[in-house]
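Each chain, letter by letter, is given below.
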Amino acid sequence: TSKDFVIEAGVLKEYHGSSADVVIPNNVVELAQKCFMHSKIKSVVIPESVTVIGTEAFEDCDNLTSVTIHSGVIKIGDWSFYRCKSLTSVIIPNSVKKIGYHAFDWCKSLTSITISDSVTSIDDYAFHSCTNLTSITIPDSVTSIGNGVFGNCSNLTSITIPDSVTNIGSDVFDGCTNLKDVVVSVDFLLKNSS
């Protein structure tokens, strides 16, 4: 119900409901910093009216297993899903341009990530310590991959980096002890050899 949410000028500030399954109202355009932090929710549906998922919005939501992000979100904020240790899969829709710092860091149960071809930037440590992630394809819209993005993803076995990437940070694969296949193009190697 609407009384479960504190909304000011389209910004969802707090959730006070008792339901573990949350559908955010359509009049919300932004999820404020820490609005669900430490919440016991199990699932959340983010409507297409939302453009920004704020910093630390779902940090430490230990029971969160399912997130549905509808097209409309442009930015997934820093630390937004940090330590959501029960989250198993994420589909990032084709409106998102930027995945923030540490956005999915320590999401230990994450086995599947689908990144749409609207994303241009994956910031530092975005998928760090996603220890159950086995493979990922980065779309050819991405130009920048930050420091330590896949660091400590100890079960990551394969990754494809497209030609579009012009900047890769340090320690991107640090601690990826099972990584066997990193696919990059000759053009990428030539571009980055100087």
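Going by the structure above, here's the rest.
Described below are features of the structure shown in this document. Everything numeric in this text was worked out from a predicted model, so none of it was measured.

1. So, the overall build of the protein
Then, number 1: Of the regular secondary structure elements, the protein holds one helix and 17 strands.
Then, number 2: Whereas a compact globule of 194 residues would reach a radius of gyration of roughly 16 Å, the protein reaches 17 Å, a difference of no more than 12%.
Then, number 3: For the protein, the spread of C-alpha atoms along the principal axes amounts to about 55 × 30 × 20 Å.
Then, number 4: Within the protein, buried positions represent 47% of all 194 residues.
Then, number 5: Within the protein, contacts between residues separated by at least 24 positions form 20% of all contacts whose residues are at least 6 apart in sequence.
Then, number 6: Within the structure as shown, the protein displays about 8,800 Å² of accessible surface, and the carbon and sulfur contribution to it stands at 48%.
Then, number 7: Distance between charge centroids for the protein: 6 Å, based on 13 positive and 21 negative side chains.

2. Describing unusual backbone geometry
Then, number 1: The phi dihedral of Ala9 is positive, around 50 degrees, even though this residue is not glycine.
Then, number 2: Summarising the element assignment, Ala9 is placed in the loop between β1 (5-8) and β2 (11-15).
Then, number 3: The exposed category is assigned to Ala9, whose relative accessible area is 83%.

3. A word on the environment of Leu156
Then, number 1: With respect to the secondary-structure elements, Leu156 resides in the loop between β14 (144-145) and β15 (158-160).
Then, number 2: Along the backbone, Leu156 and Thr177 are 21 residues apart, and their C-alpha atoms lie at a distance of 7.9 Å.

4. Re the sheet that holds strand β6 (residues 52-53)
Then, number 1: Spatial strand order, β1-β2-β4-β6-β8-β10-β12-β14-β16: nine strands in an open sheet with mixed pairing. A strand with exactly one partner marks an edge of an open sheet, and here the two such strands are β1 and β16 (167-168).
Then, number 2: In the sheet, strand β4 (residues 30-31) pairs with β6 via two bridges, with the strands oriented parallel. Residue pairing across strands places Glu30 opposite Val52, the latter belonging to β6.

5. Observations concerning the side chain of His102
Then, number 1: Within the fold, His102 resides in the loop between β10 (98-99) and β11 (112-115).
Then, number 2: Engagement of the side chain of His102 in a polar contact is seen with the side chain of Asp105, the distance being 2.7 Å.

So, how was this worked out
Residues numbered from 1 in each chain as written. Predicted model: local features only at pLDDT ≥ 70, side-chain atom pairs only at ≥ 80, totals over all residues. Heavy atoms only, no water. Helix = DSSP H or I, 4+ residues; strand = E, 2+ residues; numbered from the N terminus. Rg over C-alpha atoms; globule rule 2.2 N^0.38 Å. Buried < 20%, exposed > 50% of the residue type's maximum accessible area, 1.4 Å probe, protein only. Contact = heavy atoms within 4.5 Å. Areas by Shrake-Rupley, 256 points an atom, 1.4 Å probe, with all protein chains shown as cover. Lys, Arg positive; Asp, Glu negative; His and termini not counted. Charge placed at Lys NZ, Arg CZ, Asp CG, Glu CD. Pairing = 2+ DSSP bridges. Polar contact = N/O pair within 3.5 Å; in protein donor to acceptor, adjacent residues only side chain to side chain.

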